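Letter by letter, the chains look like this.
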Amino acid sequence: MQRRSRGINTGLILLLSQIFHVGINNIPPVTLATLALNIWLFLNPLKSLYNSCLSVEKCYQQKDWQRLLLSPFHHADDWHLYFNMASMLWKGINLERRLGSKWFAYIIITFSLLTGVVYLFLEFALAEFMDEPDFRRNCAVGFSGVLFALKVLNNHYCPGGFVNVLGFPVPNKFACWAELVAIHFISPGTSFAGHLAGILVGLMYTHGPLKKIMETCAGMFSSNVAYPEQRYYFNSYSGYQDSYPYGRPGHYAEVPRNYDVYTAGLSEEEQLERALRASLWDRGNGRSSPSPYGFRLSPEEEMRRQRLHRFDGQ
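Residues numbered from 1 in each chain as written. Predicted model: local features only at pLDDT ≥ 70, side-chain atom pairs only at ≥ 80, totals over all residues. Heavy atoms only, no water.

Q: Give me the overall build of the protein: which residues, what numbers.
A: Per the secondary structure count, the protein includes 15 helices and four strands. Counting the 314 residues in the protein, one finds 44% classified as buried. Across the protein, every contact between residues at least 6 apart in sequence was considered, and the portion connecting residues at least 24 apart equals 70%. (Helix = DSSP H or I, 4+ residues; strand = E, 2+ residues; numbered from the N terminus. Buried < 20%, exposed > 50% of the residue type's maximum accessible area, 1.4 Å probe, protein only. Contact = heavy atoms within 4.5 Å.)

Q: Give me the lowdown on the pairing of strand E2 (residues 168-171), citing residues and values where you can.
A: In the sheet, strand E1 (residues 162-165) pairs with E2 via four bridges, with the strands oriented antiparallel. Pairing of Val165 across the sheet is with Phe168, part of E2. Taken together, E1 and the strand that follows it, E2, pair antiparallel across an intervening segment of two residues, in which Leu166 is found at a positive phi of about 55 degrees. (Pairing = 2+ DSSP bridges.)

Q: I'd like a rundown of the pattern of salt bridges, residues and numbers included.
A: A side chain with one charge can pair with a side chain of the opposite charge if their charged atoms come near. One pass over the full model with this rule turns up four salt bridges. The partner of Arg136 in a salt bridge is Glu128, and the shortest N-O contact between them spans 2.2 Å. (Salt bridge = Lys/Arg side-chain N within 4 Å of Asp/Glu carboxyl O.)

Q: Quick one: what's the story with the environment of Phe168, residue by residue and with numbers?
A: Structurally, Phe168 is set in strand E2. Note: C-alpha distance between Phe168 and Ala178 (ten residues apart in sequence) is 9.8 Å.

Q: Provide a residue-level description of the UniProt feature "transmembrane region" (unreviewed entry) in the protein, including the pertinent values.
A: Mapped onto this numbering, the UniProt entry gives "transmembrane region" (unreviewed entry) at residues 103-127 and 177-205. Secondary structure content for residues 103-127 is 100% helix and 0% strand, and the end C-alpha separation is 36 Å. Segment residues 177-205 splits into 83% helix and 0% strand. End C-alpha atoms: 17 Å apart. (UniProt positions renumbered as here; feature names shortened; annotations may be inferred.)

Q: Give me the lowdown on helix H7 (residues 101-129), citing residues and values where you can.
A: Compared with the 42 Å implied by 1.5 Å per residue over 29 residues, the 41 Å span of H7 between its first and last C-alpha is a close match. Looking at the residues trailing H7, positive phi occurs at Asp131, about 50 degrees. (Expected span 1.5 Å × (residues − 1).)

If you want it as structure tokens, here you go:
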């Protein structure tokens, strides 16, 4: 194990500051564990970047398959770690609360491996079709491919609204593609194939067979199948209810969705903040307990919170 050379890692300091500002108790367990693993491996890498990065030459031709496991969780520098984990923080909070911790952990593991496989396929295809062997030697590290896949899921579950990409409003459903292009204008050295692989894996889950395959595999290895939970959110964001139409997980009925009913026209960031507040209220805090660190309620919301506690006590 090689320890990072000592120095001021500004990106790491900013990341830790952001995590503590949100509050460790407010971060779901799988998201928190993913952040902790990436930070730990940044400070104590299992192997050097040269020996952990993913390429067709090293992984496929030389049969060094452990790189599929190592490459997503190693980062080139502290700013690489910061931007990836800051993105993971918010995507993880949103998706883990929606899907449940067990299924979200399953997604992280599957996406981490599958993104690397798709990346190898893309680089191999480019090397063959363009007759350019350098594509086989392109070596990539980092969690950003997985993050692009999670971005596809997040936009799938929250399809409305716009995001700002280089100053231009872009509909959520096209945000991944716009960000893919924008990142490579801003930072040409990043792995276009790695990011594209993440988008393709996300689309395989939302529009392809991957989700069904994962459900089938989960059923084969466990009698208590941890399928993603169906949660229906309401305008008040006072909580959620899980619904299984046939009385048990694994059976679903298509329910027409009116997204305006539960988004209330809020942006993704506003929805996330309200959902966090709702999850904190549902923990059964006492009436006089202060608001958790990092969240401040308006007087109207505080009154609504008191009414919810009084209702729960009846």
